[in-house]
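Report on the structure
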Amino acid sequence: MRKASNSPQQQHQGLATQEPFWQRLALTEMNAEQWEALCDGCGKCCLHKLLDERDDLPADAPMELGEDLHYTNVACQLLDLKNGGCSNYANRHQYVPDCVQLSVGDLGAIHFMPPSCAYRRLYEGKGLPNWHPLLHNGSRVPMETAGMAVTSHSCVHDTQLAPEDGLIVRWPLFSGE
Ligand code: SF4
């Protein structure tokens, strides 16, 4: 007898005849573990982004569909720039009160996420990118080799540099396939 595993990744590996959960289920049908497993840990959502100023909108107006989002190389103070991921996930709101935890309810505004983001891709009817850790036994190496993670690039924390003073970078806009 073999011990059955419940992790989304092992479910995918073990059930060769069944489609993996991200192909079988809609985002709205996934359980919390499957939802979490979709995150590739690229950290690009933790980069500060800028919007063009508009005379008809206040400076803090949320992004509207069709607007260009400019990614900077300035990251949230809690992003681990060496290994990826949040360095204090459990207590992050204590330090970064406006950190957003992506949920099903946010899918209508998913264009705010980078084009490679698994949630955005699935929402837009695309598959996972070929470097996604779920397709490589959880390894980040293909993602980093493809230049898809913040750990593949030179970034600074917002405690060192204001986002407005950082560089506008284009690499977060690529999906690498
Ligand atoms: S951009 Fe998407 S896949 Fe990448 S770390 Fe953020 S939530 Fe996860």
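Residues numbered from 1 in each chain as written. Predicted model: local features only at pLDDT ≥ 70, side-chain atom pairs only at ≥ 80, totals over all residues.

**Side note on the site of the ligand**
In the vicinity of the ligand lie 13 residues, with Cys39, Asp40, Cys42, Cys45 and Cys117 positioned nearest. Within the shell around the ligand, the residues separate by chemical class into nine nonpolar, two polar and two charged. (Near = placed C-beta within 6 Å. Nonpolar A, V, L, I, M, F, W, Y, C, P; charged D, E, K, R; others polar.)

**Re the pairing of strand 2 (residues 69–75)**
Bridge count between strand 1 (residues 47–51) and strand 2: four bridges; the pairing is antiparallel. Note on strand 2: the bridge partner recorded for Leu51 is Leu69. Summarising the sheet, strand 2 and strand 4 (residues 168–169) pair through two bridges and their orientation is antiparallel. Bridged to Thr72 within strand 4 is Ile168. The pairing of strand 2 with strand 3 (residues 156–157) spans two bridges and is classified as parallel. Considered in strand 3, the bridge of Ala75 is made with His157. (Pairing = 2+ DSSP bridges. Helix = DSSP H or I, 4+ residues; strand = E, 2+ residues; numbered from the N terminus.)

**Let's talk about the confidence of the model for the chain**
Caution applies to low-pLDDT regions: their predicted coordinates should not be interpreted in detail. Summarising the model, the chain shows a mean pLDDT of 89, and 90% of its residues fall at 70 or more. The element-level mean pLDDT for the chain is lowest in helix 1 (residues 8–14), coming to 52, with strand 3 highest at 98. (pLDDT = per-residue confidence, 0-100.)

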